[in-house]
Each structure stands twice: as C-alpha cells, then as structure tokens.
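Structural description and commentary
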Amino acid sequence: MTTAIQCLFRCGVLALCFQPLAAAEKIPFPLEVSTPGVAFSESIPKPEKVIGHQVGTRHTRPHQIVQYFEAVAQASPRVTLGRHGTTYEGRPLIHALVTSPENHQRLERIREENLQLSDAPAQVSDALLERMPVVVNMGYSVHGNEASGSEASLLLLYYLAGGQGESVEDMLERAVVIIDPSLNPDGRSRFVNWVNGNRAAAATADPQHREHNEPWPGGRTNHYWFDLNRDWLPAQLPESQGRLELFHRWRPQVLTDFHEMGSESTYFFQPGVPARNHPLTPARTIELTYRIGEYHALALDRIGSLYYTEETFDDFYYGKGSTYPDVNGAVGILFEQASSRALKREVAAGELEYAFTIRNQFTTSLSTLEAAVSLRRELLDNQREFYATSSEFARSRAEKAYVVRVDQGGSKAAELTRVLMRHRILAYRPAQDIQSEGTAFPATDSIVVPLDQPQSRLIQSMMETVTEFEDSIFYDVSTWTFPLAFGLEAAALTSSPPLGPVIEDPDELIGARQVGVRAGFAYLLEWGSYYAPRALYRFQRTGGAARLLMEPVEIEVDGRRRRFERGAVVIPVARLGEPIEGVHEAAEEAARLDHVSIFALDSGATLSGPDLGSPSAKPIRKPEIALLSGAGTASYQVGETWFLLGERMGIPVTLLDLSTLGSADLSRYNTIVATAGAYRDLDDSEIAKLKERIERGATLIAIQTGSRWAIQKGLVEEALKEQAEFSTDVPYAEVAAARGAQVIGGAIFEASVDPTHPIAFGYGRRVAVFRDHDVLYQPSESPGANVALYTSAPLRSGYISAERLAELQGTAAVIARRQGSGSVVLFADNPNFRAFWLGTQSLFLNAVFFGGAF
C-alpha cells in the first residue's frame, strides 16, 4: 500500500465509508452512521423524504429514483440533472453531474478542456493537467434485477450533494462525477414490481418464496429482453446509444459498472483474470486498474466484507461497460455483489440482506471516488498518453486501413457507418478504386476506415479477424468483427489509400430508388437489400398478392433491358382485375423508407426467362407469426427475434406462451418460430398438435437448440451429429480449464450457401455465421435441403479448440425442407444475434416470407 493511501485512512478522509456497521436490518441506511468530519446539510432531502421509505427496506421503483434525483438537483448547487435518452417503454434515462458550485460555474470549459485529452493531447500541457478535475462516470444496475447498485446511487447522491466538510468539498473540487443511477429502468421496473408485489411486512428469506423467483423473462433485460451490458459496441438500443452519447460528451477517466452475482458469492472488483485482458488494452490501463483496486480492498477490509479479484470475470470483450472504457483511454471497473434479490435470502453463511448488499456497493462507490481523486493526475495523464500514442499504434500495425464494400441498397453499410460514428470513428469515401487480393472495391460503392485516427485501437478491435489467443476461456465472446457481422465484403489494407470526403451522413450511402413513376401492370421489388422484407410487408398490407420469381429474368424497364436474379418479387397493381388501393403509395414509401429498388412495369412479359405469371413464380403468403415464448424458451433469442420483426421490420408478432400452446388456435399462424430453449413442459399432445399444424401448411423456423428440440421431438426428420465426449483423464484441479477450452463462447465461421434455394435468395456463395454453442447437425439427406453447410476450413475469427473445429467441418448451418404440406427451416446458429448480426438476419427473414415457397 502506498504512503498516500495510508495517509488518507489515518487522516479520516475515508472514515464515512469504513465505519463499522451494526446488523444491516437495524441500519438499512448507512448514512445514519456517525461520520467523523462530515456533517449533512438540512437543505438536501434524505432519500426517504422523497421516495417514502428508507433505502434498503424495500426496492425503489424507477420513477422514485428520478424523483429523488430531481429533488436533489433542485436543492443543491452541486448538482445538475441531465437526460440522455428514453427507453422503449418511455422511461427517462437520466444522469446527475455533481461537482463543486465553483466548477459548475465553468463546467462547459472543464468539459472542453477534458475533451482535448483525446482530441488534441499534444495541446494539453502538464500545467493544465495539474489543475484539471478528474471525470468519473458512475453507472448502476445495467441489469434490472441486480438492484442494489441503483439504491447505492441514491446514497451517493445524498452524500455528495449534502455532505459538509473538507473531505467532501475537496473531492468535489477535484472531480466531476456523473451518476447514472439506472442504466436499465424498464428491466428494473419489471423486477421491482415483482419483488415488491410478492412481499409481506415480514420479509421471507426462504429462496422458494415467490419473491425470490421472478417469472420469465425476469428483470435482467430491457423491454426487448436484450442484455444491455453487451451492447456498448453494437450500440443498437436506445439505452446504449444514450449512454454512449453521454460517455463521449464527457470522456471520463474512470467508469464504474455495478452488478450482482450469485447469492453464495462474496464481492468482486476488477482486475479480472490477468490472462484474459484484451491485448489492445495498454499496460498502463491495467496497472491503474490494480491501483484503484487497492482502495476497494482496504475499504471492504474495514467493514469486514469478503471480496476477491483476478478470478471469474475478464476484461476481453470491449462491448461491456467495464471494458469499453479501457479502449477509450479510461479505466473501467466492474463490481459484482452477491445478490439477495429479495429483502433477505438464506445463504450458507446465514441471511444475506438487501441493505448489506447496498452498503457494499455504496462503500466501493466512495472508494472509487477516493481513488480517482488520489490518482487524478495519473488518470488524466493516462488518457492523454493513450491518445497521444494512437498514431504510433496505427503505424505499428500491418493493417493501415479497412475498406468495406457498400451492400445492395446501402442499408447495412449505412448502419455500420452509423455505429462507427457513435464511437467517434470516421469513415471516408475512397478517392479511387481499390484492389485487394483480387477483389475490387469501386470508389463509388465503398467506404474506407483508416486506422490512423484517435480511436485507432478501437477501430482495430472492431474490424480485425483474430484466431490466436493467450487464453482459451472467455467470459463473453472471443470476437466481434463488424464487417462480418454486418454481412459486408471487406479487406484489410497494408497501405492507406487516397481518401475522399468524410462521410458525415450515413444515409448518403443509401442508393435505393424507384424506376418509373407509376406502374400500369406491376411493381418488381429487387431482393437482397436489408429492408426488402419490410418493403414486401408494406405491399402485403395493401392486400396485394405478391409472387416470388424462382428463376432469373430479363425485362425491359424504363426503356432499358435489365436482368433480375432469383428472389425478385412481383407485386401486381390489380387483383382479379380490380385496382389495389394504396399499392402505388406503398411503392413510393418502399423506395424512400425501406431503401429498396422498385421497378414500375407495364407488362408481365419478359425478354428472357419465365413470364411474371408463370407457374414457377410462387405465391408469397403474408406472414402470420407465432413466436414461442415463456418459460422453457431462451428470453435473449426470443427478444432478438421479436425486436427484428416487430421493431425493425414492422411485422406484428404474437408472443405465444408455451403454457398456452395446448389451448391455442394454431390455425391463425402460418409461421411458428422456436428459438433456443428446452421446451421441457410440452407434452406429447402439444407436440402432436404442433406437428399437425406444420403438416397442414405452416412453416416452423427453429433456431439453435430449438432445432435440436424439433429433431428430437420428430417435428422434422433430420439428425444430430454425435460429438466426442469430454476426456475424464484430467486432474481435478484442471477440470474447469479443460472443459472451458472446449466451449465455443462466441466465434465466427464460414458456411457455403446454395444461392438457388429461396432461403438464400439475395446471398452469394459464402456467408459468415456466429456460433456460441456446440450442438452440431448432420447434413440433410433430403435433396436440395442443405441451404448452408460449414466449409472444410470454416474458422474466420475467434476461438475454437482443434477438436471442436474438426467436428464442425461439413456440418449443416441451415436446413430447409418440406414437411407434409408445410415446411421446416432449421438454423444451427442464432441468425439474429444481439441485433447487430445483420449478415444472417436476412436468412431468417427469407424463412419468414419464403417458407411456403419451396
């Protein structure tokens, strides 16, 4: 321990945090404890005066948290309240900026000077660094049912706003503190409504009590059941986009991420497993993580709370809240508190109480601030150095830039560029055509991301492919290559090409159009653009009878001969001779809003290939979708599918709970989606009912372990591939590591595609798929059913053991086949992973629309 840290404790600066506490049930509000050197202003309301209960005696609802933050901001010159977004359910995402009144008077200047550390580090002198406050971003409870963090934020705000004394005032003079009290208010609301609604005046510690067992999907996730702590990099959700905007508006030097874990655990704080730090994270950032950890250790020692570091959790995936700062010149800190979930819970050591968990989170909130102030100069210098060496880092890499081909319609390239912009990464138009390893990237249809810019390390992590790793175990995914995720052709360049203008508006990449003003006979929708399914559904809402071209055709359009590949969709302007109302408006909206190319035709005759009324052109039914949900299904995948269909594509979805399957009228649905899950509670009669609906014409789309379930229950006649058993010839101490090395935590693989199959319309002959499980499927013996097979050398990026890689080769990635009058589409992997895997979402959407067309 450093002399400086020892001095802080001897001088009583940290006395508040480390006062021994009586039993937690007697003191649910730690600030009632005597705090030497700190008095509290009576003008600042205590939390209970606003929220109506003492912190720790019940679970505080999201609107009560907002009310308290508003009340303190009104009462204190140290606090201003900001809003950085709105959730899907309409709840505000708020933050408090807390610093001294004097700092508030020059807050914008402080912010601008702080931004210079990353924008112009060479212009930040040592003298300026000496007087700059440190910026600390405190984020709480990104998982809604990990509730103690948000409660601790109430205590922290009261302490910082109302505390009087040299220690508090000095802290606020040297720091700007951003308190984000509830990163996931929608999930918290779901959780708090359950626990508060299933509790009597006498709290029950029995873990079998209803309060301890929230129903599916639980409160961990947001409205669409996404894990928001995996969305820092993809940034697909409003909560993430808001917090990213706040992060980059201030660019803190420290960011905290307060979580909970299993009830029998203790307390974790970073550093995590040393071998699992991302190699792009600078050594100095890791060193500062250790030094900050010393403050947490001493704080928890003083109150007698057990803790651990360097185990379980890691700092590899940059898409988590505690790791994203590490690639942005800051230090991210993860905290994990053993969870009581309810007010108290039986554990091996006795009863774990909610107030106790809050106390620990509050304790490390204060130790974080003490560390940040004590290490202020080093943290500021760390960020300055991080960005001062960004060009040096870029020069040290073999890759100097990445070039990406703009997709048909440009929607995926536009979305990728939009994500890059959220991370302060610039993309450019190339000044000339680019050739890379035999692949042409035309200047008119490409973007370039040069590595030599302030976010060079982040760019490298987002764009690179990696297959070699120091460790074989990952807390989350081992790779996240964005061009592969978005389904875009890309290449790493060993020299930076001449650059054209920077892309300021991603929508400039969108090249959709309507050819011909008004169709006299039909509209032809070219397939392959990302939002083509949304456009098709827009037409289907008008009542039009769309047809799918199964063969290429050539048609004269607007005076020109044009070829259309398989998958083009014909939308007649009349039905049985009667005009279809709204079809022309739908065509205009599809081109303008869905970024697709629409062609106005005055004849159904073709120049080559089948005419548009040919029997080979298959009718496309309007999808009526039942998405199996509820206990027994995987909420993440259900949410990802629901989000894609209902939010992005504008297609209504029925969330059909498994518990109602026996009584449900399945004739209402022509498409039934079974994501990953166990489906254990379905009995034989319910399976028979589902099978009958498929054989009478419905399409079953099964995903990942949902595909395994469909095979095992005889819903489709396909086979699983047997896998080698885990070796038992391993010493006890090595079992966990040996097992972990065989886990596919998340890697990217290549599959060969049959582009003549309707499920693959719009695709070429290769597709990158994401896999995070080890269930394998034998290729189908049914002719033409193998839509996609893993190649003989499938690994594109990420970790997989040699044994698992050998087993994966040649297995089925997508199978689609008839089953009676209906069909079954089996996805070996999740095509809708975390909302940003646009590259395979279109395969799933093809299954939704074309499931009855083969």
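Scoring rules and cut-offs
- Residues numbered from 1 in each chain as written.
- Predicted model: local features only at pLDDT ≥ 70, side-chain atom pairs only at ≥ 80, totals over all residues.
- Heavy atoms only, no water.
- Salt bridge = Lys/Arg side-chain N within 4 Å of Asp/Glu carboxyl O.
- Helix = DSSP H or I, 4+ residues; strand = E, 2+ residues; numbered from the N terminus.
- Buried < 20%, exposed > 50% of the residue type's maximum accessible area, 1.4 Å probe, protein only.
- Axes fitted to C-alpha atoms, helices over the stretch in contact; angles between N-to-C directions.
- Parallel < 35°, antiparallel > 145°, perpendicular 65-115°, else oblique.
- Left-handed = near helix turned anticlockwise from the far one by under 90°.
- Contact = heavy atoms within 4.5 Å.
- Pairing = 2+ DSSP bridges.
- Phe/Tyr/Trp six-rings, centres within 6.5 Å; stacked < 30°, edge-to-face > 60°.
- Lys NZ or Arg CZ within 6 Å of the ring centre and 35° of its normal.
- Expected span 1.5 Å × (residues − 1).
- Polar contact = N/O pair within 3.5 Å; in protein donor to acceptor, adjacent residues only side chain to side chain.

**With respect to the pattern of salt bridges**
- As enumerated under the stated definition, the model contains 47 salt bridges in all.
- Linking E108 and R249 is a salt bridge whose minimum nitrogen-to-oxygen distance equals 3.7 Å. Note that E108 is positioned in helix 6 (residues 107–119) and R249 in helix 11 (residues 238–250), a separation of 141 residues in sequence.
- A relative accessible area of 36% places E108 in the partly exposed class.
- In this structure R249 comes out as partly exposed when scored by relative accessible area, which is 42%.
- For D507, the salt bridge identified is with R418, shortest N-O distance 2.7 Å. Of the two residues, D507 sits in the loop between strand 18 (499–502) and strand 19 (513–515) while R418 sits in helix 16 (residues 411–422), which places them 89 residues apart along the sequence.
- With relative accessibility at 25%, the residue R418 sits in the partly exposed group.
- Bridged by salt links that share partners, the residues D126, E130, R284, R377, D381, R384 and E385 form one connected network.

**What to know about the packing of helix 8 (residues 148–162) against helix 13 (residues 354–374)**
- Close contact between helix 8 and helix 13 brings their axes to 8 Å; oriented N to C, the two are set at 50°. As judged from the angle between their axes, helix 8 and helix 13 are oblique. Like other packed secondary-structure pairs, helix 8 and helix 13 cross with a definite hand, here right-handed. Every residue of helix 13 that contacts helix 8 at S148, G149, E151, A152, L155, L156, Y159 and L160 is listed here: Y354, T357, I358, Q361, F362, S365, L366 and L369.

**A short note on the pairing of strand 20 (residues 522–525)**
- What you see with strand 20 is no split at all: A522 and L524 on one side and Y523 and L525 on the other are buried throughout.
- Where strand 20 meets strand 24 (residues 569–572), four bridges bridge the pair, whose relative direction is antiparallel. For Y523, the partnering residue across the bridge sits in strand 24 and is I571.
- Of the pairings in the sheet, the one linking strand 20 to strand 27 (residues 597–601) comprises four bridges and is antiparallel in character. Along strand 27, the bridge assignment pairs Y523 with A600.

**Side note on the environment of Q809**
- The topology assignment puts Q809 in the loop between helix 25 (802–808) and strand 36 (812–819).
- Assessed through its relative accessible area of 33%, Q809 is described here as partly exposed.
- Measuring from C-alpha to C-alpha, the distance between Q809 and E750 comes to 9.8 Å, with 59 residues separating the pair along the chain.
- Aside from chain neighbours lying at most four places away, what touches Q809 is K721, Y790, T791, S792 and P794.

**Things to note about the sheet that holds strand 27**
- Across the sheet, six strands lie side by side as 19-27-20-24-21-28; this open sheet has mixed pairing. Looking at strand neighbours, the two that pair on one side only are strand 19 and strand 28 (618–619), the edges of this open sheet.
- In the sheet, strand 19 pairs with strand 27 via three bridges, with the strands oriented parallel. Pairing of Q514 across the sheet is with I598, part of strand 27.

**Quick word on the sheet that holds strand 37 (residues 822–827)**
- The nine strands are arranged 30-29-31-32-37-36-35-33-34 in an open sheet whose pairing can be described as mixed. Both outer strands of the open sheet, strand 30 (653–657) and strand 34 (766–771), are each paired with one neighbouring strand and no more. Each adjacent strand pair in this sheet contributes to an overall mean axis angle of 20°, direction not counted.
- Alignment of strand 36 against strand 37, held across six bridges, turns out to be antiparallel. Within the sheet, the bridge partner assigned to I815 lies in strand 37 and is L826.

**Observations regarding the packing of aromatic side chains**
- Across all of its chains, the model carries 42 aromatic pairs by this definition.
- With a centroid separation of 5.6 Å and an interplanar angle of 85°, the aromatic rings of F836 and W837 are classed as edge-to-face.
- Classification of W837 by relative accessible area gives buried; the value is 0%.
- Three or more aromatic residues joined by ring pairs make a cluster, and in this case those are Y88, W216, Y224, W225, F226, W642 and F643.
- The aromatic ring of F854 is capped on one face by R818, whose charged end is 6.0 Å from the ring centroid.

**What to know about unusual backbone geometry**
- Cis rather than trans, the peptide bond between W216 and P217 has omega equal to 5°.
- Relative to the assigned elements, P217 resides in the loop between helix 10 (185–197) and helix 11.
- For the peptide bond that leads from Q270 to P271, omega is 25°, which places it in the cis range.
- If you trace the backbone, P271 turns up in the loop between strand 8 (267–269) and helix 12 (283–303).
- Within the chain, R341 stands out as a residue other than glycine whose phi angle is a positive 55°.
- Owing to a relative accessible area of 22%, R341 belongs among the partly exposed residues under this scheme.
- Located in the positive-phi region is Q704, a residue other than glycine, with phi close to 55°.
- Tracing the backbone shows Q704 in the loop between strand 32 (699–703) and helix 23 (705–712).
- The class of Q704 is buried, set by a relative accessible area of 8%.

**A look at helix 8**
- For helix 8, spanning 15 residues, the distance from its first C-alpha to its last is 21 Å, which sits close to the expected 21 Å at 1.5 Å a residue.
- Judged by how many residues are buried, helix 8 sits mostly within the fold: 15 of 15 residues are covered.

**What about the side chain of D314?**
- Checked against the element boundaries, D314 lands in the loop between helix 12 and strand 9 (331–338).
- Of the polar contacts made by the side chain of D314, one reaches the backbone nitrogen of F316; its length is 3.4 Å.
- In this structure, D314 is in contact with Q270, V273, R276, K320, T323, F474 and Y475, ignoring residues within four places of it in sequence.

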